[in-house]
Structures are given as C-alpha cells and as structure tokens.
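# Summary of the model geometry
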Amino acid sequence: MKLVSYLKEGHDQLAILENNLLYDTDLLHSEMPSSMMMFLTYWEDNYELALKLHQAILDDRIGREKGFPLSGADLLSPVPFPSSCRDGYAFRQHVAAARRNRKVPMLPEFDQYPVFYFTNHHGVQGPGPVMCMPDHFKKLDFELEVAIVISKLGRNIPAEEADEYIGGLMIMNDLSARTLQSEEMLLNLGPAKGKDFATAIGPWLVTLDELEQFEVPAKEGHVGKNWNLKMTCAINGIQVSEGNLSDMDWTFAELVERASYGATLYPGDIIGSGTVGTGCFLELNGTGKLQDENYQEQWLQQGDVIEMEVEGLGKLVNTIEKEEGDFSILQKKKTS
C-alpha cells in the first residue's frame, strides 16, 4: 500500500495511491484520519482498516470516481511534520570508498556498531524545489538513501523485534553543503549547517506488506529485514549513481535498536539509511580524482534536476533553486 501526503486547502491531506489515483483516507471511511501523523499515532487500528480499504479499491468495490489524478496533487513529504529525523551510516561500501579516496584506513568501529546523527526535522520536504543560499552552492551535493518511519511508541527495542516498529519505506535525499559541513566537522561536531537546510523525502510511503516480494536475508551477523531494491540517481537526465538497498550492512532494525537505547522513539520519527555506495558526488569525485588527477569535480548547480528512483518506492524529483539574497556565513569567519 502506498500512502501519500499532499497539500489540500492549506493543510496536509493523507491519501491512498492506486493506479495513479489518490483516494482521501477520511472520505473512504469516517474512522480514518485525514493526516499522516494521526495515522501513525494510531497505527495498528488505522493500518488494518486502510489495508481493507485498499483491497476494496483493488476489487472495484470502491470506484475510480472516488479518486482523483495523482498528477493534479501538490505532493508533500509523506510524513510532512516528522517528530524527529535521524540519518544512519549503514553502507560499508560508501564509507570504505570515501575513506580510501582520502587515503585513510577504514574504521574498524564501523563493523562494531551502527551510528547516526540528528538532522533538522523542520527541514524535511517532499518533491519540488529545494531552496539554497549562496554558501550551500559551495560543493552542493545529493545523497541517495532510503528512510523508514516509526509507527509505534517504543524504548530499548531489541533488533529482533524492531521491524514491528517500522511503518514503511521512502526515498530520501540528504542534501549536503560540503564546504559548510567540512568546516564545522574540523571541530569534531556536526554535520549541522552543512545538512540542516533541506532533506527531501518521498514521493510516498510504501508499507512493508507491499515489499514482501523484495525481502532478502540480512548480511551475515546482522538482524532484521532487508530488501533487494535497485537505487539510482540521475542529474539532468544523466544517471550518476546506482546501488541496491540490500547492500546495507547495518539493517534498519539495528538502527532502531541503537536509536531507542535509553530513548523513546515516537510515531513519526524518521530514520535514514545513510548513503548507498556511489550515492553522492563527494564519493564519486573522490574516486574520479584517485583514478585521474585531471578529473573534473561535479557538484549541484542552480537549476539542476535530481531524480532518485528506487524499485518499489517510486521516483523522487527535486530541482535546485536559489533563494533571494547574497548573505554568506562563510564570509563572517574570523581570521587571526
């Protein structure tokens, strides 16, 4: 089942997507909520009812006249107002390549425990324009990821039980301003300003029942569901990245276990996978320069169109745009 949030009369509206038609949840049944956050808050009851309504759509017991074209909707992030947003570091291939490109050894700690950072949950958006300030354009990057949303309150959740707390999967683009990021991380803090301006998620939430056919075992020594889903990213119609969600070393279940240790997870919390191998310009540029010292780096520019596609999860499309004004915090750096 695919769940969409779109803008309706100034507020977020939840709908079920089927055959390119959107069916507002609250119009399908009087007990269904109209927003994703209410749906997640009372997940167990709402999910079972939504599955029945979705089946009724598939069986034509709910007619097409109850829906309207997806093309006419102003899509938001599937979870428009997440209660938090964490991003993991789950793909060993990406971490190893990035460190190799910097000519530093792989961190043995990567294989010992999963890690994540908190990003700005107010910066989460859906498809459409991504507004950037001048400093963001200094090595502006994409990151090809998949994210989950928590659908049940939990604390100290063992990895063996953690998949029960996952509402579904979504494509995630962790936009990154690399110059800002690299400067602040010299002080062993961050990423913060290099990441907090935008995180694009969408185009919809796909519940786990629809992904059963893609399930594969977790890697040896790991616990939790994994999915064989091809992941690609194209910039202005040219593919630059390709990977697979099954390449995750640390599973979402293990990330949930780590995140919930001594901390309560809430419905609406988002957790990203981290970047898939080849899934950002930082890695691609580093690999290119390692192989050819004359390699020309590529970064996102104003007007660029980013298309992220994940098998079973749809296509997330964003366009880079420039905000008005020339204010720069990089120019405010003090020098000795």
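Residues numbered from 1 in each chain as written. Predicted model: local features only at pLDDT ≥ 70, side-chain atom pairs only at ≥ 80, totals over all residues. Heavy atoms only, no water.

## Focus on the overall build of the protein chain
- Each helix and strand in the protein chain was counted, giving eight helices and 22 strands.
- The C-alpha radius of gyration computed for the protein chain amounts to 20 Å, which stays within 12% of the reference 20 Å derived for 336 residues, consistent with globular compactness.
- Seen through its C-alpha atoms, the protein chain measures out along the principal axes to roughly 70 × 50 × 35 Å.
- Taking the intrachain contacts of the protein chain between residues at least 6 apart in sequence as the baseline, contacts between residues at least 24 apart amount to 72%.
- The positive charge centre, built from 29 side chains, and the negative charge centre, built from 51, are 7 Å apart in the protein chain. (Helix = DSSP H or I, 4+ residues; strand = E, 2+ residues; numbered from the N terminus. Rg over C-alpha atoms; globule rule 2.2 N^0.38 Å. Contact = heavy atoms within 4.5 Å. Lys, Arg positive; Asp, Glu negative; His and termini not counted. Charge placed at Lys NZ, Arg CZ, Asp CG, Glu CD.)

## A word on unusual backbone geometry
- Put simply, Gly190 and Pro191 share a cis peptide bond, and its omega is 0 degrees.
- Within the element layout of this structure, Pro191 appears in the loop between helix 6 (178–185) and strand 14 (199–206).
- We note that Asn20 has phi near 65 degrees; this positive angle belongs to a residue other than glycine.
- Secondary-structure assignment places Asn20 in the loop between strand 2 (11–18) and strand 3 (21–24).
- The backbone phi angle of Lys103 is positive, close to 60 degrees, even though this residue is not glycine.
- Within the fold, Lys103 resides in the loop between helix 4 (92–101) and strand 6 (116–118).

## Quick notes on the packing of aromatic side chains
- According to the stated counting rule, one finds six aromatic pairs in the structure shown.
- Between Trp43 and Tyr47 the ring centres are 4.9 Å apart and the planes differ by 10 degrees, which places this aromatic pair in the stacked class. Highlighted residues: Trp43 and Tyr47, both in helix 3 (residues 43–58), separated by four residues, approximately one helical turn.
- Plain terms: the ring middles of Phe116 and Phe118 are 5.7 Å apart, the flat faces sit at 80 degrees to each other, and that makes the pair edge-to-face.
- Since its relative accessible area comes to 27%, Phe116 is described here as partly exposed. (Phe/Tyr/Trp six-rings, centres within 6.5 Å; stacked < 30°, edge-to-face > 60°. Buried < 20%, exposed > 50% of the residue type's maximum accessible area, 1.4 Å probe, protein only.)

## Concerning the state of the cysteines
- The tally for this structure, following the rule as stated, stands at zero disulfides.
- Cys85 takes part in no disulfide bond, and the closest cysteine sulfur to it belongs to Cys132, at a distance of 17 Å.
- For the unlinked cysteine Cys233, the closest cysteine sulfur is that of Cys280, found at 10 Å. (Disulfide = S-S within 2.5 Å.)

## Things to note about the sheet that holds strand 22 (residues 314–322)
- Reading across the sheet, the five strands line up as 8-22-21-17-18 and stay open at both edges, with mixed pairing between neighbours. Only two strands of the sheet have a single neighbouring strand rather than two, namely strand 8 (128–132) and strand 18 (238–244). For this sheet, the mean inter-axis angle between neighbouring strands, taken without regard to orientation, is 20 degrees.
- Pairing between strand 17 (residues 230–235) and strand 18: six bridges, direction antiparallel. (Pairing = 2+ DSSP bridges. Axes fitted to C-alpha atoms, helices over the stretch in contact; angles between N-to-C directions.)

## Quick word on a negative patch on the surface
- Together, Glu160, Glu161, Glu164 and Glu257 make up a negatively charged patch on the protein surface.
- By the element assignment, Glu164 lies in the loop between helix 5 (159–162) and strand 12 (166–174). (Patch = residues over 30% accessible without salt bridge, like charges linked within 9 Å, V, L, I, M, F, W, Y side chains within 5 Å. Areas by Shrake-Rupley, 256 points an atom, 1.4 Å probe, with all protein chains shown as cover. Salt bridge = Lys/Arg side-chain N within 4 Å of Asp/Glu carboxyl O.)

## Looking at the nonpolar core
- Ranked by size, the top nonpolar core spans 65 residues in total, and within it Leu169, Leu175, Trp227, Leu245, Leu300, Leu313 and Ile320 carry the most contacts.
- Top contributing element to this core by residue count: helix 7 (residues 252–260), with five residues.
- With sequence-adjacent residues up to four places away left out, Trp227 is seen in contact with Leu169, Leu208, Leu211, Phe214, Glu215, Val216, Asn244, Leu245, Ser246 and Phe252.
- Of all hydrophobic cores here, the second largest spans 29 residues; its members include Ile62, Cys85, Val124 and Val149. (Core = buried A, V, L, I, M, F, W, Y, C linked by side-chain atoms within 4.5 Å.)

## A closer look at a nonpolar patch on the surface
- Where nonpolar side chains cluster on the molecular surface, the patch consists of Tyr89, Tyr113 and Val115 and spans about 240 Å² of accessible area.
- With respect to the helices and strands, Val115 occurs in the loop between helix 4 and strand 6.

## Focus on the layout of surface pockets
- Space inside the largest pocket adds up to approximately 1200 Å³.
- Lining the largest pocket are 39 residues, with Tyr89, Ala98, Arg102, Gln181 and Leu282 sitting closest to its centre.
- Looking at the lining of the largest pocket, the elements that each hand over two or more residues are strand 5 (84–88), helix 4, strand 6, helix 6 and helix 8 (281–291). (1 Å grid on protein atoms, 1.4 Å probe; cavity = no way out; pocket = protein on both sides within 12 Å on 5 of 7 lines; lining within 4 Å. Points joined across faces, edges and corners; volume = space filled by probe spheres on them.)

## A look at the pairing of strand 2
- A large share of strand 2 lies buried, amounting to seven of its eight residues.
- Direction of pairing for strand 1 (residues 2–8) relative to strand 2: antiparallel, over a ladder of seven bridges. When the bridges of strand 2 are listed, Leu3 appears paired with Ile16.
- Taken together, strand 1 and the strand that follows it, strand 2, pair antiparallel across an intervening segment of two residues, in which Glu9 is found at a positive phi of about 50 degrees.

## Digging into the side chain of Thr207
- The residue Thr207 is located in the loop between strand 14 and strand 15 (215–216) in this model.
- Owing to a relative accessible area of 0%, Thr207 belongs among the buried residues under this scheme.
- A polar contact is formed between the side chain of Thr207 and the side chain of Asp209, at a distance of 2.5 Å.
- Those residues within four positions of Thr207 in sequence are excluded, and the remaining contacts are Met1, Leu3, Trp43, Tyr47, Gly167 and Gly168. (Polar contact = N/O pair within 3.5 Å; in protein donor to acceptor, adjacent residues only side chain to side chain.)

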